[in-house]
Amino acid sequence: MKTGQWRWWTALAALTLALAALTAAGCGDDDDGGDGGGDESAALQKLGKGEGEVNLIAWAGYVEDGSTDPNVDWVSDFEKETGCKVNTKIGNTSDEMVTLMRTGSYDGVSASGDATRRLIAGGDVDPVNVDLVPNYKDIFPALKNQPWNTVDDVNYGIPHGRGANLLMYNKDVVKPAPDSWGAVLDPAEAAKYKGKVTAYDNPIYIADAALYLKATQPDLGIDNVYELDDKQFNAAVDLLKEQRDNIGEYWSDYTKEQAAFTGGDSVIGTTWQVIANLVQADKKSPPVEAILPKEGATGWSDTWMISSEAEHPNCMYEWMNHIVSPKANAAVAEWFGEAPANEKSCALTANKDHCDIFHADDEQFFDQVAYWQTPTSDCGDDRGSTCKDYSEWVKAWTEIKG
Amino acid sequence: MGRRLTGFLWRHPRAQLGLLLSGPVGWLVIAYLGSLAVLFVASLWQLDDFSGEIVHDYGLQNFQELWETPVYRTIVGRTVAIAAAVTVTDAILAFPIAFYMAKVATPRVRALLVVAVLMPLWSSYLVKVYSWRIMLQESGIVNWLLEPFGLHGPGFGNVATWLVFSYLWLPFMVLPIYAGLERIPDSVLDASGDLGGKPWMTFRRVILPLALPAVVAGSIFTFSLTLGDYITPQLVSSTQFIGNVVYANVGIANNLPLAAAFATVPVAIMIVYLLIARRLGAFESL
Amino acid sequence: MHISDGTRLMLRIGTGITLAFIWIPLVVIGIYAFNESRSQAWPIEGLTTEWFSKAFDNPGVREAVWTSVQAGLGATALAMILGTLAALAVSRYRFFGRETISFLVILPIALPGIVTGMALNSTFTQVLNVDLTLFTIIVGHATFCIVVVYNNAVARLRRTGTSLEEASQDLGADGWQTFRHITLPSLRSALVAGALLAFALSFDEIIVTTFTAGSEQTLPIWIFTNYSRPNQLPIVNVVGLLLILISIIPVYLANRLTQDPTGTAAPGAGGAAAAASAH
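The rules we used
- Residues numbered from 1 in each chain as written.
- Chains lettered and ligands numbered in written order.
- Predicted model: local features only at pLDDT ≥ 70, side-chain atom pairs only at ≥ 80, totals over all residues.
- Helix = DSSP H or I, 4+ residues; strand = E, 2+ residues; numbered from the N terminus.
- Buried ≥ 20, exposed ≤ 12 C-beta atoms within 10 Å, placed from the backbone.
- Rg over C-alpha atoms; globule rule 2.2 N^0.38 Å.
- Contact = placed C-beta atoms within 7 Å.
- Nonpolar A, V, L, I, M, F, W, Y, C, P; charged D, E, K, R; others polar.
- Domains from an automatic or database assignment.
- Core = buried A, V, L, I, M, F, W, Y, C linked by C-beta atoms within 7 Å.
- pLDDT = per-residue confidence, 0-100.
- Expected span 1.5 Å × (residues − 1).
- Bend = angle between axes of the 7 residues up to and from the residue.
- Axes fitted to C-alpha atoms, helices over the stretch in contact; angles between N-to-C directions.
- Parallel < 35°, antiparallel > 145°, perpendicular 65-115°, else oblique.
- Left-handed = near helix turned anticlockwise from the far one by under 90°.
- Pairing = 2+ DSSP bridges.
- Right-handed = clockwise from strand over helix to strand, strands pointing away.

With respect to the overall build of chain C
And then number 1: Per the secondary structure count, chain C includes 13 helices and zero strands.
And then number 2: Listing every helix and strand of chain C by position from the N terminus yields α-α-α-α-α-α-α-α-α-α-α-α-α.
And then number 3: Judged by the C-alpha coordinates and their principal axes, chain C covers about 70 × 65 × 30 Å.
And then number 4: The proportion of buried residues among the 279 residues of chain C is 59%.

Things to note about the overall build of chain B
And then number 1: What chain B contains, in helices and strands, is 13 helices and two strands.
And then number 2: Its C-alpha atoms give chain B a radius of gyration of 24 Å, more than 25% over the compact-globule value 19 Å for 286 residues.
And then number 3: Seen through its principal axes, chain B has C-alpha atoms that stretch 75 × 70 × 35 Å.
And then number 4: Counting the 286 residues in chain B, one finds 56% classified as buried.

Quick notes on unusual backbone geometry
Residues and elements named next belong to chain A.
And then number 1: In this structure, the amide linkage connecting Lys175 to the following residue, Pro176, adopts the cis form with an omega of -5 degrees.
And then number 2: Structurally, Pro176 is set in the loop between β7 (158-170) and α5 (182-185).
And then number 3: In this model, Asp153 sits at a positive phi of 65 degrees, which is unusual for a non-glycine residue.
And then number 4: Mapped onto the elements, Asp153 comes out in the loop between β5 (150-151) and β6 (154-155).
And then number 5: In the Ramachandran plot, His359 falls in the positive-phi region, its phi being about 55 degrees despite a non-glycine side chain.
And then number 6: Relative to the assigned elements, His359 resides in the loop between α13 (354-357) and α14 (363-367).

Here we look at the interface of chain B and chain C
And then number 1: Contact with chain B, which involves 86 residues of that partner, is made by 78 residues of chain C.
And then number 2: Looking at the side of chain B that touches chain C element by element, the count peaks at 15 residues for helix α2 (residues 13-43) of chain B.
And then number 3: Of the residues in the side of chain B that touches chain C, the class split is 66 nonpolar, 13 polar and seven charged.

Considerations on the domain arrangement of chain B
And then number 1: As assigned here, chain B comprises domain 1 (1-34) and domain 2 (68-285).
And then number 2: Taking only C-alpha atoms into account, the centre of domain 1 of chain B sits 39 Å from that of domain 2 of chain B.

Looking at the nonpolar core
And then number 1: One finds Ile206 of chain A, Ala98, Ile177 and Phe262 of chain B together with Ala79 of chain C to be the most contacted residues of the largest nonpolar core, which totals 253 residues.
And then number 2: It is helix α8 (residues 158-183) of chain B that contributes the most residues to this core, 17 residues altogether.

Things to note about the confidence of the model for chain C
All names here are of chain C.
And then number 1: When the pLDDT values of chain C are averaged, the result is 82; 91% of them are 70 or greater.
And then number 2: Contacts of residues 260-279 to residues separated by more than four positions or lying in other chains number 68 contacts, the stretch itself having pLDDT below 50.
And then number 3: Model confidence for the complex: the whole-complex pTM is 0.84, and ipTM, which rates the interface, is 0.85.

Notes on the confidence of the model for chain B
And then number 1: Mean pLDDT over chain B works out to 86, with 93% of the residues at or above the 70 mark.
And then number 2: The secondary-structure element of chain B with the lowest mean pLDDT is helix α1 (residues 2-11) of chain B, recorded at 61, while helix α4 (residues 70-104) of chain B shows the highest, at 94.

Side note on helix α5 (residues 107-122) of chain B
And then number 1: For α5 of chain B, spanning 16 residues, the distance from its first C-alpha to its last is 23 Å, which sits close to the expected 22 Å at 1.5 Å a residue.
And then number 2: Among the residues of α5 of chain B, Leu113, Val114, Val117, Leu118, Met119, Pro120, Leu121 and Trp122 of chain B are the ones counted as buried.

So, α2 of chain B
And then number 1: An ideal rise of 1.5 Å per residue puts 45 Å on 31 residues; α2 of chain B measures up with 42 Å between its terminal C-alpha atoms.
And then number 2: Of all the bends in α2 of chain B, the greatest, near 45 degrees, is centred on Ser22 of chain B, and the proline Pro24 of chain B appears no more than four residues after it.

Observations concerning the packing of helix α9 (residues 254-263) of chain A against helix α10 (residues 273-281) of chain A
All names here are of chain A.
And then number 1: Two numbers describe how α9 lies on α10: the axes approach to 9 Å, and their chain directions differ by 40 degrees. Between α9 and α10, the angle is such that the two are oblique. With respect to the hand of their crossing, α9 and α10 are arranged in right-handed fashion. Facing Tyr254, Glu257, Gln258, Phe261 and Thr262 of α9, the residues of α10 in contact are Val274, Ile275, Leu278 and Val279.
And then number 2: Within the contact of α9 with α10, the residues separate by chemical class into six nonpolar, two polar and one charged.

Here we look at the environment of Ala260 of chain B
And then number 1: Looking at the element boundaries, Ala260 of chain B is found in helix α13 (residues 256-279).
And then number 2: Sequence spacing of Ala260 of chain B and Met173 of chain B is 87 residues, and the spatial spacing of their C-alpha atoms is 30 Å.
And then number 3: When near neighbours in sequence (up to four residues on either side) are disregarded, Ala260 of chain B contacts Leu39, Ala42 and Ser43 of chain B together with Met118 of chain C.

Re the environment of Gly157 of chain B
Residue and element names in this part refer to chain B.
And then number 1: Tracing the sequence through the fold places Gly157 in the loop between α7 (141-146) and α8.
And then number 2: You can call Gly157 partly exposed: it has 16 C-beta atoms within 10 Å.
And then number 3: Those residues in contact with Gly157 that lie beyond four places of it in its chain are Ser237 and Thr239.

Here we look at the packing of helix α8 (residues 230-244) of chain A against helix α15 (residues 390-401) of chain A
Residue and element names in this part refer to chain A.
And then number 1: Viewed as axis vectors pointing N to C, α8 and α15 meet at an angle of 30 degrees, and their least axial separation amounts to 8 Å. For the element pair α8 / α15, the angle class is roughly parallel. Between α8 and α15 lies a crossing of right-handed hand. Contacts from Val237, Leu240, Lys241 and Arg244 in α8 reach Ala396, Ile400 and Lys401 in α15.
And then number 2: Counted by class, the contact of α8 with α15 contains four nonpolar, no polar and three charged residues.

Examining the pairing of β7 of chain A
All names here are of chain A.
And then number 1: Counting buried residues in β7 gives 13 out of 13 residues, a clear majority hidden from the surface.
And then number 2: In the sheet, β7 pairs with strand β11 (residues 297-307) via six bridges, with the strands oriented antiparallel. Across the sheet, residue Gly163 finds its bridge partner in β11, namely Trp300.
And then number 3: Direction of pairing for β7 relative to strand β12 (residues 339-340): antiparallel, over a ladder of two bridges. Within the sheet, the bridge partner assigned to Arg162 lies in β12 and is Ala339.
And then number 4: Sheet analysis places β7 next to strand β9 (residues 268-272), joined by five bridges and oriented antiparallel. Opposite Tyr169, over in β9, you have Ile268 as the bridge partner.
And then number 5: Looking at chain direction, β7 and strand β10 (residues 288-291) are connected through four bridges and run antiparallel. Looking at β10, one finds that Tyr169 is bridged to Glu289.

Observations concerning the pairing of strand β2 (residues 85-90) of chain A
Residue and element names in this part refer to chain A.
And then number 1: In this structure, strand β1 (residues 53-58) lies alongside β2, joined through six bridges in parallel fashion. Its bridge partner being in β2, Ala58 is matched across the sheet by Ile90.
And then number 2: A crossover links β1 with its parallel partner β2, the connecting element being helix α2 (residues 76-82), and its sense is right-handed.

Focus: the environment of Asn255 of chain C
And then number 1: Along the polypeptide, Asn255 of chain C turns up in helix α12 (residues 248-258).
And then number 2: Judged by the 18 C-beta atoms lying within 10 Å of it, Asn255 of chain C falls in the partly exposed class.

Next up, the structure:
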């Protein structure tokens, strides 16, 4: 058979070419990608009618419409009330969120402290007129006008919630009860639980070591644990390299951490409050306790921001108001496991003790928390641009894990 | 028009061939090799220290950095070693069952065994990894079974990754070996026996050489799949593989250039591996 | 063929060990799907079917399955066309670079998924400026699925030879008739087996998908996200068990197809080509 089957092949080939053409067309239709850059226009002055939809970038668990669990839903009501259909894109990292915001196709983002500053500086977000967000008045004062949401007295976002990275330990094994990060970071202390120590598997954990060094080695002169120069950074990294020998496994998602403590694979290490609760609720688990060590802790505080190129600003304002409304804020805080931003949420949580457990109104507690920021080479003080940027942190983390 | 095209193609088989190949080759060369080329170009870019943005200046700094930092070499060594260990383990585990299926089992049993080996291939990769997590944890089945004997499971670490990878890719080794063994005529094996070859001798001198292309075919997958994975190491250990470092740089740090540079390492390893495999005739056994 | 009793026994033991190794983890998932407690410790305390109804009521799972089915069908269709074309060219023509085709086809599956994923991702986002959608998932999956269809088709074409096609033309059939009545029937079961494998690969792929999916959630991505939420674990175990059970259908089909008299003698041949699962 040599030349006979041309017809069938022609058909197939034509089909392929058509597909290829389609592919090309599919690729071609989106070239309006943004070069970012806000127009510095002032905040919205008056709320208009909703535009029918709103496009959000959010952390997983911040915008739940019942598709994860039918009982976890604070979006459907909002859609019904405002007529704004919510489209969500999950951002996995702060970097991804910044990149996505710069495309200009989104109306808003739930940004962590390590993204907000970059977004403000890059002109990717607009100031927020808090008068148009009625629920703003009920937000804990300590969350308002903070460096990560306010620049030169101009407000750039609505606080969403916060939490701290605590020290959890198995009460049966770890005796006496620890009160310092030294329990996991001091090589002599940690060696007592060799192979059962755990830590958060992320370069940002280097800040936890810096926090400990800040208290124990004042001569290093560490102030902000995210702005580390050569000497400070190396000291923190060396400490973590020593810690590596005592680590059983690092944890990256909270299932892994929970399973490790319930199963006994880990007995001491960093945790989030929500994980501690899960372990404590498990009848078969050994007893655990989560504490804020005397050196303080790292933590996070998230902010809803509006894009400078928002196509649906009215719906975005409606959303920002909704997500910090007492009911929605209570729901999201409980689902995600963090302290709500709205004072009034505390009365509406399903677990009446939620705000106590998560220290929602305990400012003394949060005064000791150094919220996550992205390390940049700019030290933010007279040291100039001599600090280690995030890509250096990632490389160091690779070396620490080995 | 259609008729003229018809006639043209009839007279020009080369044109037929061109039409036939344009789709697949176009796709693979443009979409795939093109993308790989983009990746390679990206490995020559830099990350600006100050803004964290990618700068499109070309240079070999990333490769230099990878070469000069010992930890990257350790990670490449570990990844290749575990990939090799997984491949050997799978070959050893696969041979008896493949031989049994090909030469001993009745057609009915054979069909059942094929299903038994194929089914795990179709069930979710993640579900299988998590199953191992549940089994290997401190309060899991493995320790529960070993405890009466005073033993303790491997926990989460290099051993766990080796076990889980061996588990995940085993069917990919069984099937080609089975197909390869089935192609060996029974008469060849009987002849070896008739000439006085002991079973071990027959295995070593007759079966193994004939089945080698099939084993190599299977090994392409056990090896390359281990080489490129980052999810299993993350789930059952805190060990870093090449994939974990690549993922951390591209997914977390936004340092695409360094990630791309490191990604050329497994690509180079696999291309060499494939060239050797092709020489050994493995491609015919896929 | 003569095999001594001792060897036979050894083979049986080896087979048993391998089978146990393959099946124990799957059985464990099956047991945990009925676990009453959310805790994953062993031994489990009580049995319940509660998680099954929760899983069925979960709209996230249903959406994810639908996305995966669409991606799988799209990728399979593309891979079928491209793989068949390449197979026809390679087995019915001689040309310069013919050997390279088989190398080229196997490359996307033999190179680590993270490389394929990252390469496609940088092309989509840095060069072409396309949004990551279902379309980009299909492109990514089709790329590594071509090899399965190609391998099955090439093996079949090699085996069937060209004599029947030549006879058909000698008897006056035109190209289309020859294809319709000769080539296609002999290729059909190989193509369907290839398509099943391609679909399976696509359906279970996570690494390339992670880089090409954007905000789309395929089933593996849904499973991955939900495994990191302790409260969802029991539901994921149920989904895992259901996937294992559903996989009987394609395995049965593939097995039937590859055992048809005109087809390959070895059911494994098709499966081996699958040796492609995309991680």
